[in-house]
Amino acid sequence: MIDFSEVGPGFFFGAITMVAWGIWLVVGNAASDSIDPRTAAAISYVVATTLAVVYVFASDASLVVTPRGGLLAAIAGVFVAIGLISTYVGLSVGTTTTVSTVSAMYFVVAALIGMAILGDEVTAKKILGLAFAAVGVLLIAR
């Protein structure tokens with residue numbers, strides 16, 4: 001049995017993300033069936049941006065932005081936009097099951113970058129887990 005007390009608060013926020021993105025994909029699919037998927041993506045992005053800005057000002061978040069941090073956040077935003085638009089267009093031409101499952105493999109990309117570039121620990125257990133995830137996605141997407 002898994003002892004969740006050892007996973008920490010990251011697990012909690014990861015679970016919230018999982019549920020929120022799962023709901024987002026289903027609602028986004030319905031939106032893409034109702035209006036142009038690129039327009040649906042733009043509306044989603046505007047709403048998400050507005051809520052994120054409101055959250056920053058309502059919370060105790062620091063408003064200090066370093067040049068490096070600002071640049072990295074902007075680059076991350078470029079990839080968010082690419083992923084968001086790609087998701088909505090994908091939902092309009094494919095199934096929710098396939099698009100959501102394949103896109104959910106982003107964590108494999110992030111894990112591999114973390115291990116290859118950022119110095120995260122490479123273990124047999126992690127590699128096996130990533131391999132199982134990839135096989136699972138292939139089984140679901142087919």
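For the structure, see preceding data.
Reading the values: rules and limits
- Residues numbered from 1 in each chain as written.
- Predicted model: local features only at pLDDT ≥ 70, side-chain atom pairs only at ≥ 80, totals over all residues.
- Heavy atoms only, no water.
- Buried < 20%, exposed > 50% of the residue type's maximum accessible area, 1.4 Å probe, protein only.
- Helix = DSSP H or I, 4+ residues; strand = E, 2+ residues; numbered from the N terminus.
- Contact = heavy atoms within 4.5 Å.
- Phe/Tyr/Trp six-rings, centres within 6.5 Å; stacked < 30°, edge-to-face > 60°.

Asks: Help me get a handle on helix 4 (residues 96–103), residues and values and all.
Replies: Among all positions of helix 4, only Val99, Ser100 and Thr101 are buried. Tucked into the core, helix 4 has its buried residues touching helix 1 (9–34), helix 3 (67–93) and helix 6 (124–141).

Asks: Just give me the short version of the environment of Tyr88, but keep the residues and values in it.
Replies: Mapped onto the fold, Tyr88 is located in helix 3. Along the backbone, Tyr88 and Ala134 are 46 residues apart, and their C-alpha atoms lie at a distance of 22 Å. Beyond its immediate stretch of four places on either side in the chain, Tyr88 contacts Trp24, Gly28, Ala31, Ser32, Pro37, Ala40, Ala41 and Ser44.

Asks: Which residues make up the packing of aromatic side chains, and what values go with them?
Replies: Scanning the entire structure with this criterion turns up three aromatic pairs. Between Phe12 and Phe13, the aromatic rings sit 5.2 Å apart at their centres with planes inclined by 75 degrees, giving edge-to-face as the arrangement. A relative accessible area of 53% means that Phe13 is categorised as exposed.

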